[in-house]
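Single-letter residue listing:
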Amino acid sequence: MYKQLFLLKKSGDEQVRKHFDEFILKHLSRITGNEIKSGKVESNLLLEQKYDACCEVTFKDKQEMDKMMNSEAGRELNKDLFDFHKHIDIITINYNN
C-alpha cells in the first residue's frame, strides 16, 4: 500500500481552505475514482507547523500512483499545486517495504 497525505497549513485564510476543499479534493477524487474527504486536524502539539485539514489518498503501489498522477486529472492537480504548494505539505508513505 502506498499513501499520500495532503496537510493544509493553518493560515486563517478562508480562500485557501475553500480552494483546498473545492479544487484539491476534487482533483484527488477524479484521480482515484473515489470521493476524497478532508478531516479537521485537531491537534499537532509537537509540530512547529500547524495544520487546519488533511486528506489521504491510497494506491496499491508507487507504479499505480505514478500512473494515476500522470492521468489528465493528475496533470491538472500538478498544475494547481504549482501555485498552491506553499499552503500544503505532502507526505508519501510506502507500506510495501
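As a reminder, the structure under discussion sits directly above these lines.
Residues numbered from 1 in each chain as written. Predicted model: local features only at pLDDT ≥ 70, side-chain atom pairs only at ≥ 80, totals over all residues. Heavy atoms only, no water.

1. What to know about the environment of E14
By the element assignment, E14 lies in helix α1 (residues 14-32). Owing to a relative accessible area of 60%, E14 belongs among the exposed residues under this scheme. Spatially, the C-alpha atoms of E14 and I90 are 20 Å apart, while their sequence positions differ by 76 residues. (Helix = DSSP H or I, 4+ residues; strand = E, 2+ residues; numbered from the N terminus. Buried < 20%, exposed > 50% of the residue type's maximum accessible area, 1.4 Å probe, protein only.)

2. Comments concerning the side chain of Q4
For Q4, the position within the fold is in strand β1 (residues 2-9). At a separation of 3.3 Å, a polar atom in the side chain of Q4 contacts the side chain of T92. Each residue touching Q4, except ones within four places of it in the same chain, is listed here: C55, E56, V57, F59, M65, M69, I90, I91 and T92. (Polar contact = N/O pair within 3.5 Å; in protein donor to acceptor, adjacent residues only side chain to side chain. Contact = heavy atoms within 4.5 Å.)

3. A look at the sheet that holds strand β4 (residues 88-94)
Strand order in the open sheet formed by four strands is β2-β3-β1-β4, and the pairing between neighbours is antiparallel. Two strands bound the open sheet, and with one partner strand each, they are β2 (39-40) and β4. For β2 and strand β3 (residues 51-59), the ladder comprises two bridges, and the chain directions are antiparallel. By the bridge assignment for β3, G39 is matched with C54. The strands touched by α1 within the sheet are β1, β3 and β4, with β3 carrying the most contacts at an inclination of about 5 degrees. (Pairing = 2+ DSSP bridges. Axes fitted to C-alpha atoms, helices over the stretch in contact; angles between N-to-C directions.)

4. A word on α1
With 19 residues, α1 ought to run about 27 Å at 1.5 Å a step, and its terminal C-alpha atoms sit 26 Å apart, in line with that. Considering bend angle alone, the principal kink of α1 is centred on F20 and spans about 30 degrees. Listed as buried for α1 are V16, H19, F20, I24, L25, H27, L28, S29, I31 and T32. Its side-chain oxygen at 2.9 Å from the backbone nitrogen of Q15, D13 defines the N-terminal cap of α1. Looking one or two residues beyond α1, the residue adopting positive phi is G33, at roughly 80 degrees. (Expected span 1.5 Å × (residues − 1). Bend = angle between axes of the 7 residues up to and from the residue.)

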